[in-house]
Amino acid sequence: MATTKKAWKLQDFMAHGADVKCLGLGHKSGRVLVTGGDDRKVNLWSVGKPHSIMSLTGHTTSIESVRFGHDEELVVAGSQSGALKIWDLEAAKILRTLTGHKAGIKSLDFHPYGNFAASGSMDCNVKLWDIRRKGCIFTYKSTLSSASALRKAAKEKEEEIASIPKKIWEKEAAYCRIGKGILTVKFWELESFQCVSTSDADKHAIKSLHFHPEGSCLYSACGDTLKVFGWEPLVCHDVVSVQWTDIADMAIANSQLIAASFNKTNVTTFVVDLNKIAPTGVASKSENARACLTSASGRRSFITERPHTSCTSQVNEPKRSDTPPDKGDNDDDGATSRADIQNQDDYQRLFKENARNQQPGHTNHSSHHLHTHSQSNLLAMDE
């Protein structure tokens, strides 16, 4: 019998030998997970399975931030020392080691259409990196004036730092505004970059935001609830009670929202059936939902379509660094960095086959089967 629940816990597993410090879901497939820990390892997982696919080593301090590339072929990991390492998952090897930050990395992102990455650090700097040149091409000072001020209000300010790189690429259409315990979601018109609506302050901290791929709504994870927002006019389509707290990332796979959190050495994953919540669910046909969905669709191009331009044209009058690309490493030079494949079957299926399917002219015959098979497995675990 199929489950009637809207949301449930999928899995709880031990991800590292020391405390987990960060995680990221693959936003293209929603089926892969990367974690970083105090054990200085970066581990990769298939969502729904308890065994690591691959373990990446080479950092000499704890891992503070991790992120998949947009095609899930690369992973970047930032350490407490400020070093970044970029890994080629198909080749299972270190691709680049980048240095220049003087403190821990709190956020990372890849440029959607180029060989560039961005990082936000506790040293109050945001850096843009050219992966090919192996160095920093721009440095931005954050709005936080000093490292001492940053560290005095670390819990509030870390989230502000963490929002910066993605804004550089996308001029993000929604973000959390952080005050003294008050968090709201703001929606922005991307042509004029004017705020068009602001949600009421939530009593719980907003930990993660994720747009529906079609731009129909925004999912907001706060406390033990998932809120679904539409905008122009601003409306909360649905509020779903869940078993989670402090969700670190969300992704969508088929008609399911996958969410992940971490606590001590463990990672917990959750599933929300989007067919059963508004505005995308079949049961949500109210006039209000339809009106907001139409309005959101009018903005769809600003959310899901990005201009094919270089990173330098997507930021406000950046100044090229006067210094040459940062060389060296606060950790090692890559010689001792290793990728230990621990599950050959999942590695071949998720990374080798995925890379082949990305090649021009290749027809992905297994894609539909993979999504259908994975979805049935997730639902079956709650039956």
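See the structure shown above.
The structure presented is a predicted model; accordingly, all values stated were derived computationally and were not measured. Residue positions are given per chain, counting from 1 as you read along its sequence in written order. The predicted origin of the model limits local features to residues at a pLDDT of at least 70 and limits the giving and counting of side-chain atom pairs to 80 or more, whereas totals for whole chains, interfaces and linings rest on all residues. Excluding hydrogens and water, the side-chain figures rest on all heavy atoms present in the structure.

Looking at this model, I keep getting lost on the sheet that holds strand E5 (residues 54-57). Mind explaining?
Think of a sheet as strands paired side by side through backbone hydrogen bonds, with each pair either parallel or antiparallel. On the basis of which strands lie adjacent, the open sheet formed by five strands has the order E2-E3-E4-E5-E24 and antiparallel pairing. The strands lining the two open edges of the sheet, one partner per strand, are strand E2 (20-25) and strand E24 (338-341). Going from strand to strand, the sheet's axes swing by 20 degrees on average, the running direction of each strand aside. Pairing geometry for strand E3 (residues 32-37) and strand E4 (residues 42-46), over five bridges, is antiparallel. Each residue of the ladder has a partner; that of Leu 33, found in E4, is Trp 45. Two strands pair under a simple rule: DSSP has to find at least two bridges between them. Helix numbers and strand numbers start at the N terminus; a helix is a DSSP run of H or I with at least 4 residues, a strand a run of E with at least 2. Fitted lines through C-alpha atoms give the axes, limited to the stretch in contact for helices. The angle between two N-to-C directions lies from 0 to 180 degrees.

Just to check I follow, could you spell out the nonpolar core for this structure?
Generally speaking, nonpolar side chains in soluble globular proteins are found buried as a group. In this structure, Val 42, Leu 44, Met 54, Phe 68 and Phe 351 are the most contacted members of the largest nonpolar core, which totals 21 residues. Counting only elements with at least two residues in this core, the list comes to E3, E4, E5, strand E6 (63-68), strand E7 (74-79) and helix H6 (344-358). Setting aside anything within four residues of it in sequence, one finds Met 54 in contact with Val 42, Asn 43, Leu 44, Leu 89, Ala 92, Ala 339, Asp 340, Ile 341, Gln 342, Tyr 347 and Phe 351. Residues Ala 7, Leu 226, Met 250 and Val 272 belong to the second largest nonpolar core, which totals 18 residues. Within this scheme, the nonpolar core is defined by two criteria: the residues are buried Ala, Val, Leu, Ile, Met, Phe, Trp, Tyr or Cys, and they are joined through side-chain atoms within 4.5 Å. Burial here depends on accessible area, computed with a 1.4 Å probe over protein chains only, as a share of the maximum for the residue type. Under 20% is buried, over 50% is exposed, and the range in between is partly exposed. Two residues qualify as a contact provided that any one of their heavy atoms is within 4.5 Å of a heavy atom in the partner residue.

What is the right way to read the pattern of salt bridges from this model?
A side chain of one charge can pair with a side chain of the opposite charge if their charged atoms are brought near each other. Whenever Lys or Arg places a side-chain nitrogen within 4 Å of a carboxyl oxygen from Asp or Glu, that contact is recorded as a salt bridge. Under the defined criterion, the tally for this structure stands at 11 salt bridges. Between Lys 21 and Asp 38 there is a salt bridge, and its shortest N-O distance comes to 3.7 Å. A residue pair is termed long-range when its members are at least 10 positions apart, and Lys 21 in strand E2 and Asp 38 in the loop between E3 and E4 qualify at 17 residues. Given a relative accessible area of 28%, Lys 21 falls into the partly exposed group. Across the pair Asp 346 and Lys 49 runs a salt bridge whose closest N-O atoms are separated by 3.0 Å. One end of the pair, Asp 346, is in helix H6; the other, Lys 49, is in the loop between E4 and E5, and 297 residues separate them in sequence.

How do you make sense of unusual backbone geometry when you look at a structure like this?
When glycine is set aside, most residues are seen to have a negative phi, and most peptide bonds are trans. Put simply, Ala 278 and Pro 279 share a cis peptide bond, and its omega is 0 degrees. The residue Pro 279 is located in the loop between strand E23 (266-273) and helix H4 (287-298) in this model. Phi angles above zero are rare outside glycine, and Asp 246 is one such case at about 50 degrees. Of note, Asp 246 is situated in the loop between strand E20 (235-241) and strand E21 (249-253). Even without being a glycine, Lys 264 presents a positive backbone phi close to 55 degrees. Secondary-structure assignment places Lys 264 in the loop between strand E22 (256-263) and E23. Judged by its relative accessible area of 60%, Lys 264 falls in the exposed class.

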